[in-house]
Amino acid sequence: MKTEKRPLDTLEDRAWLGEGQSETQLTAVPGLDEAETCEADRPAWDSKVQYVLAQVGFSVGLGNVWRFPYLCHQNGGGAFMLLYVFLLLIVGVPLFFMELAAGQSIRQGSIGVWKHISPKLAGIGYSSCMVCFYVALYYNVIIAWSLFYLGNSFQYPLPWEHCPIDVSTNATVKECAASSPTSYFWFRKALNITNCIDESGEFNPIMTGCLLAAWAIVSLAMIKGIKSSAKVMYFSSVFPYVVLFIFLIRGLMLDGAMDGITYMFYPRLEILGSVQVWRQAATQVFFALGLGYGSVIAYSSYNPVNNNCHRDAIMVSGINFMTSVLASLVVFVVLGFRAKTIAMRCVAENLGLLSHMGSNQYFDPWINATDPSSVSLVEYRHWFSHHSSMLGPNITDCSLEEEMNKGIEGTGLAFIAFTEVMALFPASPFWSTLFFLMLLNLGLSTMFGTMQGILTPLMDNFTFLGRHRTILTVSSCALGFVIGLLFTQRSGNYFVTMFDDYSATLPLVIVVIFETIAVSWVYGTDRFLDDIEVMLKWRPPVVYKYVWKYVCLLAMVGLLAASFTRMVFKRPTYTAWNQATGSEMTLEYPGWALGMIVMLIVFASLPVPIGYIHSVWKNRTARNPLSEEGVGQELHRELYTKCSSADHLESLPRDPSEENEAPPRTAFLPLGNEHYRLLQQQEEDDEEEDTVV
C-alpha cells in the first residue's frame, strides 16, 4: 500500500529547524512534478508587460500628482528631490526588491509569505490586509469625487467658472463672493460640507451614487482576478502618462510657466537640516512604492519563478520617480500660470483704482494706467517699490512669489487650483474632461492593486475563499461601499482626511519593520540571497545583506519614532471650511475623533502581536500532550539533507519500503539542482540522535 510521508508537525518537528529557518525552502526531489502541477493552477500574467503595467499602476497613484509636488514646493525644491533620490536608493529600492523576491519565491499572498517564513509572524500579513482595507475605503471616495467632476465637465461654461446668483437677493452668493467660484463649487456643490467634524449632517445623495458607481467599476474589473484587472491596466496605467505629457506641452505655452519651473527646481539646501523634512521624504518614498500593503507581494506571486525581480525593482522604482518629476513639472507649470494670472489681475485692479482716484501724478512715463495689460509685472513692482510710501493702504504689492508660496496639496490642488486654471483655457470642457479622466485612471489602477493586496492573501490562505473568488470579490466591494457611506455624509471629507493622515502611516511602518526583521534576522539574509540566486541564476550584491539588516531597519525605526513623536507632541488637526466667512480654518480633532484615530491604528497593528501570541500558545498546547504520554515513547521525525545533484541523491542509502511510496510533500520554491530529500533517522544505542548530512 502506498503511503505518503508524514509532513512536519506544526510545532514539535519544526522546533529543530530553528526559529530562523522556513521549512518552505526545503524541496523534496521526487515531488517536483507535483509542485509544478500545483503551481499550474495558480493564475499568471499573460506577459511581462502586463505585470510591469500592474506594478507601475499600483505604485503610481494620486500621491505622485498632488503630494510629491507639494513636498518639493514646501521643502527646498531641488534639494528635496536630491534627498528623495538618496532615500529611494538606500531604503526604497532594497525594501521593494525584498517584497518582490519574497512574493515571487514563495508564490503566496502576504499572509502566506510571512507565515511560511515564521508562523510567529503570520500577523504581518493580516495587518497588511487591514491597512489595505482602510485605504480602499477612502481611496474609492476620491474616485467617486473624480466621477462627479467628470460628469460635470460635459457642459459649457464649466459650472465652477462663475459664482451663482442668489435668486432671493439677485446678487452673488455671499459664500462664493467671499472665496472663489472653484472653492464654492467644491465645498458647497460637490461636498455640501459642514463647518466641522462634529456636525455630521445628512447623506449627500449625489456622492453616494458616485461611490456606488466607483465600487461597481472596481468589482467588475476585479471579478476574474488578474485576468480581468490586467486587461483594464493596459488603459488605466498608460492613459495618465498621455494626459500628463499633453498638459505639459500645453502648459509650457502659458505665461508664467517658466517662473513655476524655476521655483520648483531652485534648491534651498538649508532646509535639509530639518528632521521633519527627512521624515516627510522617507514617508513619501515609503508610500510611493506601496511598501507594506501586500499588493507588491501579491502581484509578484503571479510571476514565473525565474523572473528577474531585481531588474523589476529598479525599473519600477525609476518609473515611479520619473512620474513624480513629470507630474511636478505639470503642477508647477500650471501653478506658475495661475500665480502670474492672479498677480496680473492684482496689477490691473490697483492701476484701475489709482486711475479712478485721479492719482496720475504718481505714474512713471512708461506706466499706462488706462491700459493695465500693457504694464508688465516687473515694471509694476519696480514702480511700487519707489512710490509705496505715498500710496494708500488699498494699493498693494503684486508678487508672483507670494502666490507661489501658498502651498496647495491633495484635494485642494486637484479640485480647486487645477479646476480654476482649466476654466481659463480655451475649450475648457475638453481639458477638464481629460484631467478628471486621468485622475480616475490613476485612482483605479492603485485601487486594483490595493484590492489585490486584500483578496490574494485571503484566497491563498483560506481554501474555501479561493474556490469562491467571485463571491469574495463582490462581497468585499459591497462591504466597502456600506462602510464607505461614512464618507458620503456632509462631514465625510473630514473623515477622508483622518483616514489619509493616520489610518495607514504608523501601521504600515510597523508592518515593514517586522517584514525586515523576518527576512534579515529570522529567516537570514544569506539564506534569502541563496533563494534569490536560485531564481535569478546570479547572486545579488552582498551590500543588500547589510542594507536589509541595518540601514533599512534603522531607517524604518527612525521613521516610526519621528511619526509617533510628532503625533504625541503635536495634537492632530484638520482643515475645516467656514461657510459664513467662505474660508478655511484649522481645528483640533475632538476627543471622540482622537479615540477613533487611536482605534484605527491599534486595530491595524494588533494582528502582529496576536499572531505571535497565538503561535506561542499553539506551541505549548501541542507540547503538553506529548509530555503526558511518558518519556519512553519514541518520537518519529524525518530529517533533511541537502544534496548538490540528483546523482548524489542516488548514491544515498534508501529504504526498500520507499520504492512504492507516493512522492513526498513539496515546497513553493523549486531549487534547481539543489534539492532536499528525507533520510531515515539513524539510532545508536549509546548516543543521542544525530542528523545525517
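Residues numbered from 1 in each chain as written. Predicted model: local features only at pLDDT ≥ 70, side-chain atom pairs only at ≥ 80, totals over all residues. Heavy atoms only, no water.

A. Here's a closer look at the overall build of the protein chain. When helices and strands are counted, the protein chain shows 29 helices and six strands. Each of the 693 residues in the protein chain was classed as buried or not, and the buried ones make up 55%. Across the protein chain, the fraction of contacts at a sequence separation of at least 24, relative to all contacts at a separation of at least 6, is 82%. Counting only carbon and sulfur atoms, one obtains 61% of the accessible surface of the protein chain, whose full area is about 30500 Å². (Helix = DSSP H or I, 4+ residues; strand = E, 2+ residues; numbered from the N terminus. Buried < 20%, exposed > 50% of the residue type's maximum accessible area, 1.4 Å probe, protein only. Contact = heavy atoms within 4.5 Å. Areas by Shrake-Rupley, 256 points an atom, 1.4 Å probe, with all protein chains shown as cover.)

B. Here's a closer look at the UniProt feature "binding site: Na(+) 2" (unreviewed entry) in the protein chain. The residues that UniProt annotates with the feature "binding site: Na(+) 2" (unreviewed entry) are N320. Mapped onto the secondary structure, N320 falls in helix α17 (residues 309-357). According to the relative accessible area criterion, N320 is buried, its value standing at 0%. Excluding residues that lie within four positions of it along the chain, N320 makes contacts with S59, V60, N64, Y84, A288 and L289. A polar atom in the side chain of N320 sits 3.2 Å from the backbone oxygen of S59. (UniProt positions renumbered as here; feature names shortened; annotations may be inferred. Polar contact = N/O pair within 3.5 Å; in protein donor to acceptor, adjacent residues only side chain to side chain.)

C. Inspection of the packing of aromatic side chains at higher detail. Applying the stated criterion to the full structure yields 46 aromatic pairs. Seen from their ring centres, W45 and Y302 are 6.2 Å apart, and the 85° between their planes marks the pair as edge-to-face. Placement of the pair is W45 in the loop between α2 (32-40) and α3 (48-59) and Y302 in the loop between α16 (295-300) and α17, with a sequence separation of 257 residues. The exposure classification of W45 matches that of Y302, with both residues buried. Ring geometry for Y523 against F528: centres 6.4 Å apart, planes inclined by 90°, an arrangement best described as edge-to-face. You'll find Y523 and F528 in the same group, each marked buried. Against the face of Y523 rests R527, its NZ or CZ located 4.3 Å from the ring centre. Over the ring of W521 we find K549, and its NZ or CZ is 4.3 Å from the ring centre. (Phe/Tyr/Trp six-rings, centres within 6.5 Å; stacked < 30°, edge-to-face > 60°. Lys NZ or Arg CZ within 6 Å of the ring centre and 35° of its normal.)

D. Quick peek at helix α15 (residues 275-288). The terminal C-alpha atoms of α15, which comprises 14 residues, lie 20 Å apart, in line with the 20 Å expected from a rise of 1.5 Å per residue. Where α15 is concerned, the buried positions are V277, R279, A281, A282, T283, Q284, V285, F286 and A288. You can read the cap of α15 off the contacts: a side-chain oxygen lies 3.3 Å from the backbone nitrogen of Q276, and it is on S274. One or two steps after α15, the chain reaches G290, where phi turns positive at roughly 70°. (Expected span 1.5 Å × (residues − 1).)

E. The arrangement of the state of the cysteines in detail. If you walk through the whole model with that rule in mind, you get one disulfide. There is a disulfide in this structure between C163 and C176, and the S-S distance comes to 1.9 Å. Handedness of the C163-C176 disulfide follows from its S-S torsion of about -80°: it is left-handed. A residue pair is termed long-range when its members are at least 10 positions apart, and C163 in the loop between α8 (123-152) and β1 (165-166) and C176 in helix α9 (residues 174-178) qualify at 13 residues. (Disulfide = S-S within 2.5 Å.)

F. Spatial organisation of the UniProt feature "binding site: Na(+) 1" (unreviewed entry) in the protein chain. Mapped onto this structure's residue numbering, the UniProt feature "binding site: Na(+) 1" (unreviewed entry) falls at G57, V60, N64 and L442. These residues run over 386 residues, yet every pair of their C-alpha atoms falls within 11.4 Å of each other. Positionally, G57 belongs in helix α3. Overall, G57 belongs to the buried group, its relative accessible area being 3%. In this view, G57 contacts S237, S445 and T446; residues no more than four positions away in its chain are not counted. Within the secondary structure layout, L442 lies in helix α21 (residues 428-461).

G. Examining helix α26 (residues 543-569) more closely. Compared with the 39 Å implied by 1.5 Å per residue over 27 residues, the 37 Å span of α26 between its first and last C-alpha is a close match. The complete set of buried residues in α26 reads Y544, K545, V547, W548, K549, C552, L553, M556, L559, A562 and S563.

H. Up close: a nonpolar patch on the surface. A contiguous nonpolar surface patch, about 630 Å² in accessible area, is contributed by W521, V542, Y546, Y550, V551 and L554. By residue number, the principal contributor to the nonpolar patch is α26, which donates four residues. Along the chain, the position of W521 falls in helix α25 (residues 505-536). Among the residues examined, W521 registers a relative accessible area of 45% and is labelled partly exposed. (Patch = residues over 30% accessible without salt bridge, like charges linked within 9 Å, V, L, I, M, F, W, Y side chains within 5 Å. Salt bridge = Lys/Arg side-chain N within 4 Å of Asp/Glu carboxyl O.)

I. Quick peek at the pattern of salt bridges. Per the counting criterion, the structure on display carries eight salt bridges. When the shortest N-O distance is used, the salt bridge between K48 and D312 registers 3.0 Å. Of this pair, K48 sits in helix α3 while D312 sits in helix α17, placing them 264 residues apart in sequence. Judged by relative accessible area, which is 31%, K48 ranks as partly exposed. Through salt bridges with shared partners, one network takes in D530, E533 and R539.

J. How the structure looks around the environment of L508. In this fold, L508 is placed in helix α25. Taking the C-alpha atoms as reference, L508 lies 7.2 Å from Y293; in sequence the two are 215 residues apart. Apart from the residues lying within four places of it in its own chain, the contact partners of L508 are V131, F286, F287, L291, G292 and Y293.

K. Structural detail: the side chain of Q104. In this fold, Q104 is placed in helix α6 (residues 78-106). Setting aside residues up to four positions removed in sequence, Q104 forms contacts with S300, S301, N303, P304, V305, N306, N307, C309 and M535.

L. Representation of the packing of α6 against helix α7 (residues 110-117). Where α6 contacts α7, the axes come no closer than 10 Å and their chain directions differ by 85°. Classified by the angle between their axes, α6 and α7 sit roughly perpendicular to one another. Each of A102, G103 and I106 in α6 lies in contact with α7, whose residues at this interface are V113, H116 and I117. Of the residues that constitute the contact of α6 with α7, the class distribution is four nonpolar, two polar and no charged. (Axes fitted to C-alpha atoms, helices over the stretch in contact; angles between N-to-C directions. Parallel < 35°, antiparallel > 145°, perpendicular 65-115°, else oblique. Nonpolar A, V, L, I, M, F, W, Y, C, P; charged D, E, K, R; others polar.)

M. A look at the environment of V602. Of note, V602 is situated in helix α27 (residues 591-605). Residue class for V602 comes out partly exposed when judged on its relative accessible area of 34%. Spatially, the C-alpha atom of V602 lies 8.0 Å from that of P507, the residues being 95 residues apart in sequence.

N. Expanded view of the pairing of strand β3 (residues 573-578). Two strands pair when backbone bridges link them, and β3 and strand β4 (residues 583-588) are joined in this way by six bridges, in the antiparallel orientation. Bridge assignment links A576 to a residue of β4, and that residue is M585. If you look at the hairpin formed by β3 and β4, you'll find four residues sitting between the two strands, and G582 has a positive phi there, around 65°. (Pairing = 2+ DSSP bridges.)

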